Amino acid sequence: SHTVEVTGPDPRSVACAPGQRLLDAFLRSGVYLPNSCNQGTCGTCKVKVLSGNVEQPAVSETVLGADEQADGFVLACQSSPTSDARIEVPRGAGSGPGHPLRDLSGVVHEVREIADDTLELTVGIDEPLDFSAGQYIEVTVPGIGHIRQYSMANPPSSADRLEFHVRRVPDGVATDRWIFDSLDQGHRIEMRGPWGDFVHDTEADAPMILLAGGTGLAPLKSIARHALELDPEREIHLYHGVRHRSDLYDVEFWETLTERHPGLRYTPCLSRDDGFGRHGYVGDVVLADFDSLRGYSAYLCGPPAMVDAGVKACKRRRMPGRNIHREKYTPAP
Ligand code: FES
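Residues numbered from 1 in each chain as written. Predicted model: local features only at pLDDT ≥ 70, side-chain atom pairs only at ≥ 80, totals over all residues. Heavy atoms only, no water.

As a further point, take the pattern of salt bridges. One pass over the structure, following the stated rule, counts 17 salt bridges. Ionic pairing is found between Asp103 and Arg28, a salt bridge with its closest N-O pair at 3.0 Å. With Asp103 in strand S8 (residues 102-115) and Arg28 in helix H1 (residues 22-28), this residue pair connects regions lying 75 residues apart in the sequence. Here Glu163 and Arg225 are joined by a salt bridge, their closest N and O atoms 3.4 Å apart. With a gap of 62 residues between them, Glu163 in strand S12 (residues 161-167) and Arg225 in helix H4 (residues 217-230) connect regions that are remote in the sequence. With respect to class, Glu163 is no different from Arg225; both count as buried. Within this structure, Asp24, Arg28, Asp103, Glu138 and Arg192 form a network of salt bridges that share partners. (Salt bridge = Lys/Arg side-chain N within 4 Å of Asp/Glu carboxyl O. Helix = DSSP H or I, 4+ residues; strand = E, 2+ residues; numbered from the N terminus. Buried < 20%, exposed > 50% of the residue type's maximum accessible area, 1.4 Å probe, protein only.)

Have a look at this one:
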């Protein structure tokens, strides 16, 4: 393997096997790097190569500008060293969630249909996973080796039983042809994680607005449960947006939880149906409910258009940008 020297305030050296991606090697060695998509599309993981050869497949200039590429920047989630190398990591590296990445093997405990084209999958894992509320794992689709990403919906306190929400993608190799088709209790699945820095900031005690679109609810369910474990009185406003009543799930879960936690408010929002919860998009419902969000923080997860509209709504109500945490989610086939 190649030795990668990490420069910066906390110099370290990391072993990187041939073909192994830098981000994977860093996170496995406990050297935290900011990261989000692990697919070369967000630009969060960029680092600067100071010396040595690092190979990277062509990346779009919208993710890594031509000038940055000329200056030696690469995406750590896409590139692998082909010699020993020295890498400069950005400020803030090392201060993230910091749970070492590892391979996980688990056994399906339950596959349960919870709404139209939506499953809840619970997987028992051999060794409890250290993660922060909001993070995700990658699962390998058997036979074809494709990777899919799912956020944990369970809080970190139940680290040996992971819960995922899976939405069917028509004709999708992971969902339609595997998880919805044949995955069953007792099957073994291979994963690696945890990934991502869309995480619950446990230092902040501001009241929280959680905006979910579809199965974007999963990481927010983890965050809400974690926050309520830390402070059962915490003020949390959860908005869950779906199209139709038949797409909505976990209603009973949230209604039961609101009975136990006076600070929790649960608002389902249907964009195409009337007669249950609120009618409209989550961002618009938030605008109608609040005159000011100045002292609040927000966590948003869902399809890109929903997240963008939700962020706009928070900003229009004067929420400071630094209090807004977001993760965009695009179902992969
Ligand atoms: Fe998103 Fe690497 S480009 S984590």
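Another point: unusual backbone geometry. The peptide bond linking Gly193 to Pro194 adopts the cis configuration, its omega dihedral lying at 0°. Its location among the elements puts Pro194 in strand S13 (residues 188-195). Positive phi values are uncommon outside glycine, yet Asn38 reaches one of about 55°. You can see Asn38 is positioned in the loop between H1 and strand S3 (46-51). Residue Asn38 is classed as buried on the basis of its relative accessible area of 14%. Backbone geometry at Asp171 places phi at a positive 65°, although glycine is not the residue there. Relative to the helices and strands, Asp171 resides in the loop between S12 and helix H3 (175-179).

Inspection of every chain in the model, using the stated rule, returns 4 aromatic pairs. Arranged with centres 6.1 Å apart and planes meeting at 70°, the rings of Phe198 and Tyr299 form a pair that is edge-to-face. In this pair, Phe198 sits in the loop between S13 and strand S14 (208-213) while Tyr299 sits in strand S18 (residues 297-302), placing the two residues 101 residues apart along the sequence. By relative accessible area, Phe198 is classed as buried at 5%. Here the aromatic rings of Phe290 and Tyr296 are separated by 5.5 Å at their centres, their planes lie at 70°, and the arrangement is edge-to-face. Look at Tyr296 and you get buried, because its relative accessible area is 15%. Taken together, the ring pairs connect Phe253, Trp254 and Tyr266 into an aromatic cluster. The ring centre of Phe253 lies 4.3 Å from the NZ or CZ of Lys221, which sits over that ring. Cation over ring: Arg245 sits above Phe276, and NZ or CZ is 4.1 Å from the ring centre. (Phe/Tyr/Trp six-rings, centres within 6.5 Å; stacked < 30°, edge-to-face > 60°. Lys NZ or Arg CZ within 6 Å of the ring centre and 35° of its normal.)

This paragraph deals with the sheet that holds strand S2 (residues 12-16). Spatially, S2-S1-S7-S3-S5 is the arrangement adopted by the 5 strands of the open sheet, whose pairing is mixed. Among the strands making up the open sheet, the edge pair consists of S2 and strand S5 (73-75). Taking the axes of each pair of neighbouring strands and ignoring which way they run, one obtains an average angle of 40° across the sheet. Examined bridge by bridge, S3 and S5 share 3 bridges and lie antiparallel to one another. (Pairing = 2+ DSSP bridges. Axes fitted to C-alpha atoms, helices over the stretch in contact; angles between N-to-C directions.)

With that out of the way, let us pick up empty space enclosed by the protein. Under the definition given, this model contains 2 cavities of 30 Å³ or more. Looking at the largest cavity, its volume works out to about 50 Å³. Lining the largest cavity are Leu121, Ile137, Val139, Tyr150, Phe164, Trp178, Ile179, Leu183, Ile189 and Met191. Breaking the lining of the largest cavity down by element, the ones donating at least two residues are strand S10 (136-140), H3 and S13. Here the residues of the lining of the largest cavity are counted per class, giving 10 nonpolar, no polar and no charged. (1 Å grid on protein atoms, 1.4 Å probe; cavity = no way out; pocket = protein on both sides within 12 Å on 5 of 7 lines; lining within 4 Å. Points joined across faces, edges and corners; volume = space filled by probe spheres on them. Nonpolar A, V, L, I, M, F, W, Y, C, P; charged D, E, K, R; others polar.)

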